[in-house]
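Observations on the model geometry
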Amino acid sequence: MLAIAAAVVFGIYLLLDLLDVKTTDLVNFPTFASLGLLLLSLYLAGVGSGPAVGSGSGRRFYGRRPGRG
């Protein structure tokens, strides 16, 4: 999810740059780059990656399990 948010941030900045929109001091390249890289680093660190292994996530089988004869 955080990687998608980073892609959205970079995409918005790219559109602003391509459309040549005049921006303020708050909305500039270092701000967007810092926010995007922060979101990417949080994603790579495992923050917001979903449920932990062993917490009941994964495929569930109802009835006979495959390969059990």
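Cut-offs applied
- Residues numbered from 1 in each chain as written.
- Predicted model: local features only at pLDDT ≥ 70, side-chain atom pairs only at ≥ 80, totals over all residues.
- Heavy atoms only, no water.
- Core = buried A, V, L, I, M, F, W, Y, C linked by side-chain atoms within 4.5 Å.
- Buried < 20%, exposed > 50% of the residue type's maximum accessible area, 1.4 Å probe, protein only.
- Helix = DSSP H or I, 4+ residues; strand = E, 2+ residues; numbered from the N terminus.
- Contact = heavy atoms within 4.5 Å.
- Expected span 1.5 Å × (residues − 1).
- Arc of directions from axis to C-beta.
- Phe/Tyr/Trp six-rings, centres within 6.5 Å; stacked < 30°, edge-to-face > 60°.

**What about the nonpolar core?**
Ranked by size, the top nonpolar core spans 5 residues in total: Leu2, Ala6, Val9, Phe32 and Leu39. Here this core takes 3 residues from helix H1 (residues 2-18), the largest share from any one element. When near neighbours in sequence (up to four residues on either side) are disregarded, Leu39 contacts Leu2, Ala5, Ala6 and Val9.

**A short note on the environment of Ile4**
Along the polypeptide, Ile4 turns up in helix H1. Sequence separation between Ile4 and Tyr43 is 39 residues, and the spatial gap between their C-alpha atoms is 9.5 Å.

**What to know about H1**
Spanning 17 residues, H1 covers 24 Å between terminal C-alpha atoms, matching the ideal 24 Å at 1.5 Å per step. Among all positions in H1, only Leu2, Ala6 and Val9 are buried. The buried residues of H1 all sit within an arc of 60 degrees when viewed along its axis, so they share a single face. Turned more than 90 degrees away from the buried face of H1 sit Ile4, Leu15 and Leu18, all of them exposed. Asp20, located one to two residues past H1, shows a positive phi value of around 60 degrees.

**Description of the packing of aromatic side chains**
If you walk through the whole model with that rule in mind, you get 1 aromatic pair. Note on Tyr13 and Phe32: the rings are 5.2 Å apart at their centroids and 40 degrees apart in plane angle, and the pair reads as tilted. With Tyr13 in helix H1 and Phe32 in helix H2 (residues 29-45), this residue pair connects regions lying 19 residues apart in the sequence. For Tyr13, a relative accessible area of 23% corresponds to the partly exposed category. Classification of Phe32 as buried rests on a relative accessible area of 14%.

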